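Per-entry structural report
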Amino acid sequence: MTTSLSAPAAHVAPQEPQQLRPDRARHTRGGLVLRYTLLALVFALLVGPFLWQFLTSLKDSSESIYTPNPIPQNPTMENYRTVAETIPVFRYIGNSLIVATSSALLNVIFGSMAGYALARLRFRGRTVADVMFLATIIIPFEVIMVSVFLTMRSIGLVDSLAGVILPTAATGLSIILMRTAFLGLPREIEEAAMLDGANSWQRFRTIALPSVKGSISVVAIFAFVFAWDDFLWPLVILKNPDNYTLTVGIQYLSGTFSANQRVIAAGTMIAVIPLLALFFSLQRWFFMGVGEGGVKG
Amino acid sequence: MFLAPALIIAVLFHLWPFINTLVLSFTDARALGGGSFVGLENYGRLLEDPNFWLATRNTVLYMVVVVPLLVVLPLLLAVLVQPKLPAIGFFRSVYYSPVVASMVVVGLIWTWLLASDGMVNQLLQALRIVQEPLPFLTDASLLLFCCMLVTVWKGLGYYMVVYLAALGNVSKDCHEAAQVDGAGPVRRFWSVTVPGVRPTMFLVGLLGAIAAMKVFAEVFVMSYGTAGPGGQARTLVYTIREVGLGLGGEVGYASAMSLALFVLTIGFSVGYLRAQKAETP
């Protein structure tokens, strides 16, 4: 067994130079069998629960969901229909889309602007700005949650999607990621542009921003997924069930419908399938984000 | 001004609320009015509040159990998926998928698996390991323990990727030299891999600990919002929400509790980083 077998291995972490990986050329047959057995075991542990839930969601009401046979005998979409009849699930999907998309857009715009200023511009009070952004990272949101709720109430944003979005519209992590990206660009081109009379906004828009598309994707994806998955803050600020995001709505469904596992299973699938699709189509950005965020954030 | 939007958000929704939390913690503010200065009364009440101590105990316990698992298991997983072999990229991606799912989804999936008539109990009974179904979700201690396992289950893939980046930097020469010297895989893991990723292990420990102190969704979802019988599986964030945003809306008291959480988090982080500094020569 040699590395010649390794050709089809998907390249998940493009920024990671391959030659740094210890290349253990001598995989023994026994070692490989053991490794793949372990891989399959972990696969079953991590994917099994999703699969079990998915299959439960397809079983019709005549079939027992307690049988050890996981395969539905008469696969049905009935449970998904029941979800739509019980909660306004399309509305919740819409709300989650609005929240997640706005959060992604705002983090890209505000995060790149602030990151650019911190990386390139000279101005008074930059230490103060640094400290402020650092503080937003150090202070856990859970600590200030009650107080943020009061702020939202005084500006009339309780029970609104804007109230869900705004606190995460420019996270410290987005700013740091963008700042790091801009610091990695060569200064010379911007300096040349400056001599040609380009102001800082022009340099930002036409030179710097187009060069950091990778980091922009990472920031957008992480903000989107975080906002889509977030539960505590939407739960706190949204009161009227019509305004719920999907996570809060699914939890609400499980509360009112706790007897029917098939329907709850269908609800969870509605919440998770779009994200899994997003992940599998854009996975290299996800891995890149963990690498950068985990190490530097 | 480039910084303006981000600064406004930071001030309005992070810094001002933090200052406000400090101020409110010395008042008897409620959701509907009130707010006169009461000195240290809220803090005195904290010391005598059995729910606060229970929540603190559960939160610290959560950290103590979850952090070692999150430091060790993802490292083993990363070593498992590191070599370039057929289909290994597929396994990496799939192992990451619980990370992208919402904790609500993950919590509900496990609620179903761990229910008294759920898959896990069926399996245990079929294998004659237990006679009666185990009360995974209805016994407070078991519930808390199950939540911890769910946290670990969902976090594995994330920290695996963090470790993969670090493993890429472990010197290939060291591995080869060790191999030439006749060191087996286990020996090489202990003598080459572990020292190589030691800083990353510290980092993962810190990230895991901070996340564990903020645990909420697992407990809330898997107990249908009750934190177990009598709220015995409550965590600090669960209790803060209940006190400050529940029917009573005791904002002042919840603020004092929030600051206790803040001190716990920051205190731990500072102590942890000091310990790390002392370790590294």
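Report on the accompanying structure. (Residues numbered from 1 in each chain as written. Chains lettered and ligands numbered in written order. Predicted model: local features only at pLDDT ≥ 70, side-chain atom pairs only at ≥ 80, totals over all residues. Heavy atoms only, no water.)

Let's talk about the overall build of chain B
Each helix and strand in chain B was counted, giving 12 helices and 0 strands. Listing every helix and strand of chain B by position from the N terminus yields α-α-α-α-α-α-α-α-α-α-α-α. Taken along the three principal axes of its C-alpha coordinates, chain B extends 75 × 60 × 40 Å. Here chain B holds 281 residues, and 56% of them are scored as buried. Accessible surface, chain B as shown: approximately 11800 Å² in total, 69% of it carbon and sulfur. (Helix = DSSP H or I, 4+ residues; strand = E, 2+ residues; numbered from the N terminus. Buried < 20%, exposed > 50% of the residue type's maximum accessible area, 1.4 Å probe, protein only. Areas by Shrake-Rupley, 256 points an atom, 1.4 Å probe, with all protein chains shown as cover.)

So, helix 9 (residues 200–211) of chain A
Residues and elements named next belong to chain A. Compared with an ideal rise of 1.5 Å per residue, which puts 12 residues at 16 Å, helix 9 spans 16 Å between its outermost C-alpha atoms and is within 8% of the ideal. Among all positions of helix 9, only Arg203, Phe204, Ala208 and Leu209 are buried. Along the long axis of helix 9, the arc covered by the buried residues comes to 140°, so they all point the same way. Packing partners of the buried residues in helix 9 comprise helix 3 (89–120), helix 7 (172–183), helix 8 (187–195) and helix 10 (213–229). Its side-chain oxygen 3.1 Å from the backbone nitrogen of Trp201, Asn199 forms the N-cap of helix 9. (Expected span 1.5 Å × (residues − 1). Arc of directions from axis to C-beta. Contact = heavy atoms within 4.5 Å. Polar contact = N/O pair within 3.5 Å; in protein donor to acceptor, adjacent residues only side chain to side chain.)

Observations regarding the packing of aromatic side chains
Under the criterion given, the structure shown has 36 aromatic pairs over all chains. Pairing Phe90(B) with Phe91(B) gives two aromatic rings, centres 5.6 Å apart and planes at 65°, and the pair type is edge-to-face. Owing to a relative accessible area of 44%, Phe90(B) belongs among the partly exposed residues under this scheme. Members of the aromatic cluster, connected to one another through ring pairs, are Phe222(A), Phe279(A), Phe280(A), Phe286(A), Phe287(A) and Tyr96(B). Positioned above the aromatic ring of Trp285(A) is the side chain of Arg284(A), whose terminal nitrogen or guanidinium carbon lies 4.3 Å from the ring centre. (Phe/Tyr/Trp six-rings, centres within 6.5 Å; stacked < 30°, edge-to-face > 60°. Lys NZ or Arg CZ within 6 Å of the ring centre and 35° of its normal.)

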